[in-house]
Amino acid sequence: MTPLYQRVAFVGLGLIAGSMALAMRRGGLVAETVGTARSAESRAIAAEIGLVDHVTDTAAEAVQGADLVVLCVPVGAMDAVAQDIAPHLAQGATVTDVGSVKQAIIDAVGPYMPDNVHFIPGHPLAGTEHSGPRAGFAELFDNRWTILTPQDGVDAAALDRLTRLWQGMGAQVDVMDPPHHDLVLAVTSHTPHLIAYTMVGVADDLRRVTDSEVIKYSAAGFRDFTRIAASDPTMWRDVFLTNKDATLEILGRFTEELFALQRAIRRGDGEHLHAYFTRTRAIRRGIIDAGQDTDAPDFGRSKR
Ligand code: NAP
């Protein structure tokens, strides 16, 4: 198969970049991969395990001659990285990113992009609580969604090529406008993470319990919260700083629902509780039917 891109440059070599590099290699999708990370330590690990074909010391070196550049750094770092690489981008290159928030990245990166470059923001809806160059694996995107949020007037051929790359990495691709992406993700990912962080924080506040019973008797509910709450602190700080409005909107609705459930418990309104839990169970069934999770009681995690 003819490679879709000749040289793909990753700025950032963590979970997402590593998984992309491995998935590209698995699919024989690109001729060459090159990447850089902020720390010498991460660059050395990436070189040692052969995550990409070449590791460079700087982002400027990495992007030179690349026909695809993928920004894989925390959302808050996108601005500085874009400014850094802009003068070194090849004419006609596509620049994309994998950040969890879209409008803020378009605002931060867009102004630095030269006219002769195609900027097509993206977000793979796949991840784990692990970070760093050793965290990646080729199957991460299999059967998961990647959302692209191109702006009006995007080059159709560039969009098509990037879409085929994601499909080659195992993903299904959807196109959305950036504010809609940010609202959908506030519901499906950002607010649930905040709730998990809160629940684990509450348990930690009850230190007496944390030291013994919470860990020892950790059952599915709390254990699943702790997995989510172990996610990278920098990444999640940036998500809430940059998807502020949508998260606050969903958090407001969440609080109202929580108060309604609190009232039902206080009043002993079993009918309300039962009806509510029946509705939520159907949503879980819908996710399994859509192939986005497994029916296994451990959410299929033992497979990894
Ligand atoms: P990661 O494993 O922590 O890797 C982040 C990479 O960015 C590392 O190579 C790190 O270098 C580099 N970096 C960190 N801060 C930087 C800075 N200020 N300037 C330049 N480089 C910096 O993170 P990840 O999980 O791959 O996430 C990367 C992006 O993907 C984020 O924007 C995140 O929102 C998005 N995303 C994450 C997930 C997920 O579940 N993890 C899912 C979808 C999208 P060092 O290693 O040298 O520090």
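Please read these numbers as outputs of a predicted model, since none were measured by experiment.

Interface size, as often reported, equals the accessible area lost upon joining of the parts. When the domains of the protein chain are assigned, the result is domain 1 (5-176) and domain 2 (180-289). A straight line from the C-alpha centre of domain 1 to that of domain 2 covers 30 Å. With 16 residues of domain 1 at the contact, the number on the domain 2 side is 15 residues. When the two sides are added together, the surface that domain 1 and domain 2 hide from each other amounts to roughly 1,200 Å², 67% of it contributed by carbon and sulfur. Taken together, the connections running from domain 1 to domain 2 amount to one salt bridge. The salt bridge partner of Arg227 is Glu129, with a shortest N-O separation of 3.8 Å. There are five residue pairs in polar contact (both at pLDDT 80 or more) connecting domain 1 and domain 2. The class makeup of the residues in the side of domain 1 that touches domain 2 is eight nonpolar, six polar and two charged.

The next thing to look at is the site of the ligand. Around the ligand, the structure places 26 residues, and the nearest of them are Leu13, Ser39, Ser42, Val73 and Ser100. Residue Arg38 places a side-chain N or O atom 2.9 Å away from an oxygen atom belonging to the ligand. Within the contact set of the ligand, an oxygen atom lies 2.8 Å away from a backbone nitrogen or oxygen of Gly132. Compared with its free state, where it exposes 900 Å², the ligand has 84% of that area covered by protein.

Attention shifts here to the environment of Thr56. As for its position among the elements, Thr56 is in the loop between β3 (54-55) and α3 (59-63). Separated by 47 residues in sequence, Thr56 and Ala9 place their C-alpha atoms 9.9 Å apart. With sequence-adjacent residues up to four places away left out, Thr56 is seen in contact with Val34, Gly35, Thr36, Arg43, Glu61 and Ala62.

Once the charged atoms of two side chains with opposite charge are near each other, the side chains can pair. Counted under the stated rule, the structure contains 11 salt bridges. One salt bridge in this structure joins Arg25 and Asp53, with 3.5 Å as the shortest N-O distance. Separated by 28 residues along the polypeptide, Arg25 in helix α1 (residues 15-27) and Asp53 in the loop between α2 (40-49) and β3 bring together distant segments of the chain. Note on Asp53: relative accessible area 41%, which makes it partly exposed. A salt bridge links Arg285 to Asp289; the shortest N-O distance between them is 3.6 Å. One end of the pair, Arg285, and the other, Asp289, are both in helix α12 (residues 270-289), four residues apart, so they sit about a helical turn from each other.

Where nonpolar side chains cluster on the molecular surface, the patch consists of Met199, Val202 and Leu206 and spans about 240 Å² of accessible area. Here Leu206 is to be found in the loop between α7 (178-205) and α8 (207-216).

One can describe the packing of α7 onto helix α11 (residues 244-267) by two numbers: an axis separation of 9 Å at closest approach and a directional angle of 65°. Here the hand of the crossing between α7 and α11 comes out right-handed. For the pair α7 and α11, the contacting residues are Asp182, Leu183, Ala186, Val187, His190, Thr191, Leu194 and Ile195 in the first and Ala246, Thr247, Ile250, Leu251 and Phe254 in the second. Here the residues of the contact of α7 with α11 sort into nine nonpolar, three polar and one charged.

Of note, Arg43 is situated in helix α2. A residue is classified by how much of its surface remains accessible, and Arg43, at 15% relative accessible area, is buried.

The rules we used
Residues numbered from 1 in each chain as written. Predicted model: local features only at pLDDT ≥ 70, side-chain atom pairs only at ≥ 80, totals over all residues. Heavy atoms only, no water. Domains from an automatic or database assignment. Contact = heavy atoms within 4.5 Å. Buried area = accessible area lost by both parts, 1.4 Å probe. Salt bridge = Lys/Arg side-chain N within 4 Å of Asp/Glu carboxyl O. Polar contact = N/O pair within 3.5 Å; in protein donor to acceptor, adjacent residues only side chain to side chain. Nonpolar A, V, L, I, M, F, W, Y, C, P; charged D, E, K, R; others polar. Near = heavy atom within 4 Å. Areas by Shrake-Rupley, 256 points an atom, 1.4 Å probe, with all protein chains shown as cover. Helix = DSSP H or I, 4+ residues; strand = E, 2+ residues; numbered from the N terminus. Buried < 20%, exposed > 50% of the residue type's maximum accessible area, 1.4 Å probe, protein only. Patch = residues over 30% accessible without salt bridge, like charges linked within 9 Å, V, L, I, M, F, W, Y side chains within 5 Å. Axes fitted to C-alpha atoms, helices over the stretch in contact; angles between N-to-C directions. Left-handed = near helix turned anticlockwise from the far one by under 90°.

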